[in-house]
Amino acid sequence: MSIYDLTIDELTEYFLKIGEKKYYAKELFSWLYNKRITSFSDATNIKKETRERLSKDFTISNIEIVTVEKAKDVRKYLFKLRDGEHIEAVLMNHDYGNSLCISSQVGCNMGCKFCESGRRKKVRNLATGEMVEQILKVENESDLRISHVVIMGIGEPFDNYDNICNFIRIINHLKGLNIGARHITVSTCGLVPKILEFSEFPYQVNLAISLHAPNDKLRGEIMPIAKAYPLKDLINAIKIYLEKTNRRVTFEYIMLAGVNDSVDNALELVHLLKGINCYVNLIPYNETEALQYKRSNPLTIAKFYDILKKNNITVTIRREFGGTISAACGQLRSKKEEI
Ligand code: SAH
């Protein structure tokens, strides 16, 4: 097991179980996340036998960077995991800080028709530590501090729920990576029971919903999950989430030419989101070789944007990063593995 799988509470339990002082958990967190040791033997204020015990019980490095592709304000990382699988993360330099988009699974079972990652079925969940290490490795390679994390890479985070929650506990912890909860965003295609469960999770993180269509018929055509959880249930769950958390949700809406980008679609979306404390992010689609979808033209996107805006919906058009380096959604992994 990786040492990065453990929250500070779990590490405290571990130290107590082996008959050690519980404050060692805080010490070790400092060594791992502040001083960034790569070997337990470097944790010099922990006694030698305990360090040896730690090296027997835990691994410390479990993922490695295979390639880094760089373009202006963006770096795309391909990682290899211990079992030989590959995942990706994307670093974006914004004016407000450095944001890292991390993967949560190897493959994905959601099967969204437009998504490159979903072309490969889920092989397994990522362990908590494999998510934490994406941040550590990128900070080390880039020499930058990651201030924002979005769980929007390969995988469906709510299909790996417990590990995602522990991941948030670790990266948010003061002695961990100390990334503010409001700087962490979880994106889901809409697993209703997990949205409800997440409304009880006591961290002020952001929730983004991949909506992509304003009605069940269209949504069902591009996102199989819509058949399991129709919009009525999804919107209901979101309302409960908003009520419990007092927060705002983001709706992501990919603009697919001729599919979901008409004036009628925009009006329907206005109707669907009426009265919900939300903000809509229109995403220019990243075209990918294996799939037939095309991005909407800029004028269509602008028109769609105007309709939402005129109807008092807070809306932005996502700034684009990394089109030239296949930074979009699972493309680097596909290139590497050629499936
Ligand atoms: N499974 C989660 C998180 C991963 S996908 C989710 O569905 O939210 C992250 C976001 O990227 C989703 O909104 C997804 O629909 C979107 N996406 C997938 N393929 C894309 C592409 N080719 N271009 C633009 N956005 C894409």
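Heads up: the structure comes first, above all this text.
First things first, this report covers the structure right here in the doc.

Cut-offs applied
As a convention, each chain's residues are numbered from 1 in the sequence order in which they are written. For a predicted model such as this one, the threshold for reporting local features is a pLDDT of at least 70, and the threshold for listing and counting side-chain atom pairs is 80 or more; totals across whole chains, interfaces and linings nevertheless cover every residue. Only hydrogens and water are set aside; all other atoms, that is, all heavy atoms of the structure, feed into the side-chain values. Secondary structure elements are defined from DSSP: runs of H or I of at least 4 residues count as helices, runs of E of at least 2 residues count as strands, and each element is numbered from the N terminus. Relative accessibility under 20% of the residue-type maximum defines a buried residue, over 50% an exposed one, and the middle range a partly exposed one, all with a 1.4 Å probe and only protein chains included. Under this definition, polar contacts are N or O atom pairs within 3.5 Å; protein pairs additionally need one hydrogen-donor-capable and one acceptor-capable atom, and for neighbouring residues in sequence, both atoms have to be side-chain atoms. What makes two residues a contact is simply this: any of their non-hydrogen atoms within 4.5 Å. Nearness is defined per residue: one heavy atom within 4 Å of the molecule or strand is enough. Reported accessibility uses the Shrake-Rupley method at a 1.4 Å probe radius. Residues are deemed covered only where the shown protein chains occlude them. Amino acids are sorted into nonpolar (Ala, Val, Leu, Ile, Met, Phe, Trp, Tyr, Cys and Pro), charged (Asp, Glu, Lys and Arg) and polar (every other residue, Gly among them). At least two DSSP bridges between two strands are needed for those strands to be called paired. Between rings of Phe, Tyr and Trp, where Trp is taken as its six-membered ring, a pair exists when centres lie within 6.5 Å; planes separated by under 30 degrees are stacked, by over 60 edge-to-face, and by other angles tilted. We call a charge positioned above a ring when the Lys NZ or Arg CZ atom is no farther than 6 Å from the ring centre and deviates by at most 35 degrees from the ring normal. The path from the first strand over the helix to the second decides the hand: if it runs clockwise while the strands point away from the viewer, the crossover is right-handed. In this analysis, a patch consists of residues with relative accessible area above 30% that form no salt bridge, clustered at 9 Å for like charges and at 5 Å for the nonpolar side chains Val, Leu, Ile, Met, Phe, Trp and Tyr. Salt bridges, as used here, are contacts in which a Lys or Arg side-chain nitrogen is within 4 Å of a carboxyl oxygen on Asp or Glu. Only four residue types enter the charge count: Lys and Arg as positive, Asp and Glu as negative, with His and the chain ends excluded. Lys charges are placed at NZ, Arg charges at CZ, Asp charges at CG and Glu charges at CD. Cysteine sulfur pairs qualify as disulfides if the two atoms are within 2.5 Å.

### A few points about the side chain of Asn265
Link 1 in the chain: One can find Asn265 in helix H10 (residues 263-273).
Link 2 in the chain: Residue classification places Asn265 among the buried residues on the basis of a relative accessible area of 9%.
Link 3 in the chain: At a separation of 3.2 Å, a polar atom in the side chain of Asn265 contacts the main-chain amide nitrogen of Asp261.
Link 4 in the chain: Once residues lying within four places of it in the same chain are set aside, the contact partners of Asn265 are Pro214, Leu218, Tyr253, Val259, Asn260 and Phe304.

### Some points on the site of the ligand
Link 1 in the chain: In the vicinity of the ligand there are 18 residues, among which Glu156, Ser187, Ser210, His212 and Asn286 approach most closely.
Link 2 in the chain: At 3.0 Å, a side-chain N or O of Glu156 approaches a nitrogen atom of the ligand.
Link 3 in the chain: In the environment of the ligand, an oxygen atom lies 2.6 Å from a nitrogen or oxygen atom belonging to the side chain of Ser210.
Link 4 in the chain: Here the ligand loses 95% of its free accessible area of 530 Å² to cover by the protein chains.
Link 5 in the chain: Mapped by element, the contributors of at least two residues to the shell around the ligand are strand S8 (184-188) and strand S10 (249-255).
Link 6 in the chain: Classifying every residue of the shell around the ligand by side-chain character gives nine nonpolar, seven polar and two charged.

### Focus: the pairing of strand S2 (residues 74-81)
Link 1 in the chain: The element S2 is largely enclosed, with a buried count of six among its eight residues.
Link 2 in the chain: Of the pairings in the sheet, the one linking strand S1 (residues 63-71) to S2 comprises eight bridges and is antiparallel in character. The residue bridging Thr67 from the neighbouring strand is Leu78, located in S2.
Link 3 in the chain: Connecting S1 to the antiparallel partner S2 that follows it, the hairpin turn spans two residues, and Asp73 within it adopts a positive phi of roughly 65°.
Link 4 in the chain: Here seven bridges tie S2 to strand S3 (residues 86-94), and the two strands are oriented antiparallel to one another. Following the sheet pairing, Tyr77 is matched in S3 by Ala89.

### Notes on the packing of aromatic side chains
How two aromatic rings sit relative to each other is set out by the distance from centre to centre and by the angle between their planes.
Link 1 in the chain: As enumerated under the stated definition, the model contains 15 aromatic pairs in all.
Link 2 in the chain: With centroids separated by 5.4 Å and ring planes inclined at 15°, the aromatic side chains of Phe198 and Phe201 adopt a geometry described as stacked.
Link 3 in the chain: Each member of the aromatic cluster is reached from another via a ring pair, and the members are Phe158, Tyr161, Phe198, Phe201, Tyr203 and Tyr241.
Link 4 in the chain: The residue whose ring lies beneath Lys194 is Tyr161, and the NZ or CZ to ring-centre distance is 4.9 Å.

### A short note on the side chain of Ser199
Link 1 in the chain: Mapped onto the fold, Ser199 is located in the loop between helix H6 (192-198) and strand S9 (206-210).
Link 2 in the chain: Using a relative accessible area of 6% as the deciding quantity, one classes Ser199 as buried.
Link 3 in the chain: A polar atom in the side chain of Ser199 sits 2.5 Å from the backbone oxygen of Leu196.
Link 4 in the chain: Filtering out sequence-adjacent residues up to four positions away, Ser199 remains in contact with Tyr241, Lys244 and Thr245.

### A few points about the pairing of strand S12 (residues 314-317)
Link 1 in the chain: Relative to S12, strand S11 (residues 278-284) is paired through four bridges, and the arrangement is parallel. By the bridge assignment, Leu282 is partnered in S12 with Ile317.
Link 2 in the chain: Regarding the hand of the β-α-β motif, the stretch spanning S11, helix H11 (residues 298-310) and S12 is right-handed.

### Observations concerning a positive patch on the surface
Link 1 in the chain: Together, Lys22, Lys26, Lys35 and Lys175 make up a region of like positive charge exposed at the surface.
Link 2 in the chain: Tracing the backbone through its elements, the reader meets Lys22 in the loop between helix H1 (8-17) and helix H2 (24-34).
Link 3 in the chain: The exposed category is assigned to Lys22, whose relative accessible area is 54%.

### Re the state of the cysteines
Link 1 in the chain: The final tally for this structure, using the stated rule, is zero disulfides.
Link 2 in the chain: We note that Cys189 lacks a disulfide partner, and the nearest cysteine sulfur, in Cys112, lies 5.4 Å from it.
Link 3 in the chain: Summary of cysteine pairing: Cys278 is not part of a disulfide, and the nearest cysteine sulfur, belonging to Cys189, is at 18 Å.
Link 4 in the chain: Overall, Cys278 belongs to the buried group, its relative accessible area being 7%.

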